[in-house]
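Examining the three-dimensional arrangement
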Amino acid sequence: MLIALMESTRTQILNPTFAQDILTGLSASPKRLSSQYFYDERGSRLFQDIMQLEEYYLTRSEYEILSAHKAAMLHLFQPKKLISNREEIQALTENFFEMIEFGAGDGMKVKVLLQHFLEAGAHFKYIPIDISGDALNGLITDLQETFPDLETEGMQEEYFKALNILKSRSEVRKVVLFLGANIGNFSETEAIRFLTHLRESLRPDDLLMIGFDLKKDPNQILAAYNDASGVTREFNMNLLQRINNELGGDFDLNGFVHYPTYDPQSGEARSYLVSTQAQTVRLSHVNAAFHFQAWEPIHVEISRKYDLATIERLAEKSGFRILQHFFDSRHFFVDTVLMSNV
Ligand code: AVJ
């Protein structure tokens, strides 16, 4: 497989991990594709549209949380080593923290915090981390225009690599933001592994704030992944289009239907692309072909919904303790601040 991949690499295959993951997922039984690959240029644009949808309550709920609790968040984030009789300059240095964001996107939500922190005269640096250089450069340029006084630096790295660089660079307090319910894309095992690794990349005094989408009326949750205007359908289908574009695929998008589910017990919203007929799909750039039976599904995404007991358990199993939950007025969503417990 790898040899076929190397030989057919002209300019088409820019990302061998993408090719390899797609081949592995489509060869598996049941078939699966990773939702991390939704976000090519068109997919990122479609996700921007999703965040505007009436049905997609997640973004607005988290926005409300950040707006309502920005002052309390700053209070929690600032290290409290200030001793009144010290020199002012020393107090400033000791209050300093680095706010690091995983997958910042367009920065819409974090701007609420940045604006408040700057107005409050907080001494901090904002460090967005993203593997996509384009997204990151766009964000940094935008932030420098919006907030000329903001100290900021983007890091185009894998999350943990970036954290390890930052950890070795200085001992100032780090506050890691993992917002937007992105943690929902992990299974429980993956989430525990991710958080444990994260804790090991931080110092005991550092903080982590995670956005969790909460369990609520299952009809409302399902609607968020099955909007009436069909944007989420396009977003899911775009993964097949991306495979066509980048791997020379011949997926017929009319031969698949978007099928989201929600299980109120596990809290898992799952999305499938289901083949409406028996068909064979070829990926010409990687010399591969995959057969689909009629009504065979490809699992493409988990968006897990949490309750507080599950968040507690997740924190405990990964060596964190919960400092504070910040809710929106409807308790649809929570931003939870955690600290190492070991
Ligand atoms: C960006 C992963 C949080 O799971 O709700 C939106 C992605 N998928 N609509 C989510 C998504 C379908 C979103 N996350």
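As a starting point, this report considers the structure included with it. Residue numbers restart at each chain and count upward from 1, following the sequence in its written direction. With pLDDT at 70 or above as the cut-off, local features in this predicted model cover only qualifying residues; side-chain atom pairs require 80 or more to be listed or tallied, and sums for whole chains, interfaces and linings still use all residues. Side-chain numbers here rest on the full set of heavy atoms in the structure, without hydrogens or water.

1. Notes on the site of the ligand
The immediate surroundings of the ligand are formed by 14 residues, with Tyr56, Gly180, Tyr225, Glu301 and Ser303 found nearest. Here a polar contact means two N or O atoms within 3.5 Å. Within protein one must be a hydrogen donor candidate and the other an acceptor candidate, and residues neighboring in sequence count only if both atoms are side-chain atoms. One of the side-chain N or O atoms of Tyr225 is found 2.5 Å from an oxygen atom in the ligand. Glu301 places a side-chain nitrogen or oxygen 2.7 Å from a nitrogen atom of the ligand. Throughout, the Shrake-Rupley method with a 1.4 Å probe supplies accessible areas, and for residues the shown protein chains are the sole cover considered. Contact with the protein chains hides 99% of the accessible area of the ligand, taken as 350 Å² for the molecule alone. Any residue outside Ala, Val, Leu, Ile, Met, Phe, Trp, Tyr, Cys, Pro, Asp, Glu, Lys and Arg is labelled polar, Gly included; the first ten of those are nonpolar and the last four are charged. Considered class by class, the residues forming the shell around the ligand number eight nonpolar, five polar and one charged. Residue ranges for the domains originate in an automatic or database domain assignment. Both domain 1 (2-32 + 226-304) and domain 2 (58-79 + 86-214 + 313-340) contribute no fewer than three residues apiece to the shell around the ligand. We define proximity as follows: a residue is near a molecule or strand when any one of its heavy atoms falls within 4 Å of that partner.

2. A short note on the sheet that holds strand β8 (residues 268-275)
Within a sheet, adjacent strands bond to each other through the backbone by hydrogen bonds, running parallel or antiparallel. If you walk across this open sheet you meet the four strands as β1-β11-β8-β7, and the pairing is mixed. The open sheet has two edge strands with one neighbour each: β1 (31-32) and β7 (256-263). Here, any two strands with at least 2 DSSP bridges between them count as paired. Here a strand is any run of E in DSSP of at least two residues, a helix any run of H or I of at least four, and the numbering for each starts at the N terminus. Pairing between β8 and strand β11 (residues 297-304): seven bridges, direction antiparallel. Residue pairing in the sheet places Ala269 in a bridge with Ser303 of β11.

3. What to know about the packing of helix α9 (residues 188-200) against helix α12 (residues 308-317)
Look at α9 against α12: their axes get within 9 Å of each other, and the N-to-C directions meet at 50 degrees. By the angle between their directions, the pair α9 and α12 is classed as oblique. Considering the relative orientation of α9 and α12, their crossing is right-handed. Contacts between α9 and α12 involve Glu188, Ala191, Ile192, Leu195 and Thr196 from the former and Arg313, Leu314 and Lys317 from the latter. The residue makeup of the contact of α9 with α12, split by class, is four nonpolar, one polar and three charged. Lines are fitted to the C-alpha atoms to define the axes, a helix being fitted only along its stretch in contact, and any angle between axes, read from their N-to-C directions, falls within 0 to 180 degrees. With respect to orientation, any angle under 35 degrees is reported as roughly parallel, any angle over 145 as roughly antiparallel, any angle of 65 to 115 as roughly perpendicular, and every other angle as oblique. Here is the rule for handedness: rotate from the far helix to the near one, and if that takes an anticlockwise turn smaller than a right angle the crossing is left-handed, while a clockwise turn gives right-handed. By the convention used here, residues are in contact when the closest approach between their heavy atoms is within 4.5 Å.

4. Some remarks on helix α6 (residues 110-119)
Burial in α6 covers these residues: Val110, Val112, Leu113, Leu114, His116 and Phe117. For α6, the elements touching its buried residues are α4 (57-77), β2 (97-102), β3 (124-129), α7 (133-146), β5 (173-178) and β6 (207-213). With its phi angle positive at about 75 degrees, Gly121 sits one or two positions after the end of α6. Relative accessibility under 20% of the residue-type maximum defines a buried residue, over 50% an exposed one, and the middle range a partly exposed one, all with a 1.4 Å probe and only protein chains included.

5. Thoughts on the pairing of strand β12 (residues 320-327)
In terms of strand pairing, β12 meets strand β13 (residues 333-340) through seven bridges, oriented antiparallel. Each bridged residue has a counterpart across the sheet, and for Gln324 the counterpart in β13 is Val337. The turn joining β12 and β13, which pair antiparallel and follow one another in sequence, is formed by five residues; a positive phi near 55 degrees is taken by His331.

6. Side note on unusual backbone geometry
With an omega dihedral of 0 degrees, the bond running from Ser29 to Pro30 counts as a cis peptide bond. Mapped onto the elements, Pro30 comes out in the loop between α2 (16-27) and β1. Phi is positive for Ala181, which is not a glycine, with a value near 65 degrees. Assignment of secondary structure puts Ala181 in the loop between β5 and α9. The phi angle at Asn287 is positive, at roughly 50 degrees, despite the residue not being glycine. Its relative accessible area of 60% is what places Asn287 among the exposed residues.

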